[in-house]
Amino acid sequence: MSKESKPDKDIERSRKVRQKRIGDQLRRIYDDVTSEPVPDEFLNLLEQADKSSKK
């Protein structure tokens, strides 16, 4: 007889399905954010920071 009972296997399978769903959703959100253009205001701030660090 198997050490893992059927309910334990069902719980483990359910946990893996939830983890995969969460991972898929996080990847989708991350991909959406990384595909957005960088705002001009942020680029200006980066330029200013570069200029001040070179002084």
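An account of the accompanying structure is given in this report.

1. Let's talk about the overall build of the chain
Helix and strand counts for the chain stand at two helices and zero strands. The globule rule puts the C-alpha radius of gyration for 55 residues at 10 Å, and the 23 Å found for the chain is more than 25% above it. Along the first, second and third principal axes, the C-alpha set of the chain runs to 75 × 25 × 10 Å. Buried residues in the chain amount to 2% of all 55 residues. With an accessible surface of roughly 5,700 Å², the chain has 56% of that area assigned to carbon and sulfur atoms. Counting 14 positive and 12 negative side-chain charges, the chain places the averaged centre of each group 9 Å from the other.

2. Considering the pattern of salt bridges
The full count for this structure, using the stated rule, is five salt bridges. Between Arg13 and Asp10 there is a salt bridge; the shortest N-O distance is 3.0 Å. Placement of both Arg13 and Asp10 in helix α1 (residues 6-34) is noted, with a separation of three residues, approximately one turn of the helix. Across the pair Glu12 and Arg15 runs a salt bridge whose closest N-O atoms are separated by 2.4 Å. Here Glu12 pairs with Arg15, and both are found in helix α1, just three residues apart, close to one helical turn.

3. Brief notes about the environment of Ile11
Checked against the element boundaries, Ile11 lands in helix α1. With 35 residues separating them in the primary sequence, Ile11 and Leu46 have C-alpha atoms 48 Å apart.

Calculation notes
Residues numbered from 1 in each chain as written. Predicted model: local features only at pLDDT ≥ 70, side-chain atom pairs only at ≥ 80, totals over all residues. Heavy atoms only, no water. Helix = DSSP H or I, 4+ residues; strand = E, 2+ residues; numbered from the N terminus. Rg over C-alpha atoms; globule rule 2.2 N^0.38 Å. Buried < 20%, exposed > 50% of the residue type's maximum accessible area, 1.4 Å probe, protein only. Areas by Shrake-Rupley, 256 points an atom, 1.4 Å probe, with all protein chains shown as cover. Lys, Arg positive; Asp, Glu negative; His and termini not counted. Charge placed at Lys NZ, Arg CZ, Asp CG, Glu CD. Salt bridge = Lys/Arg side-chain N within 4 Å of Asp/Glu carboxyl O.

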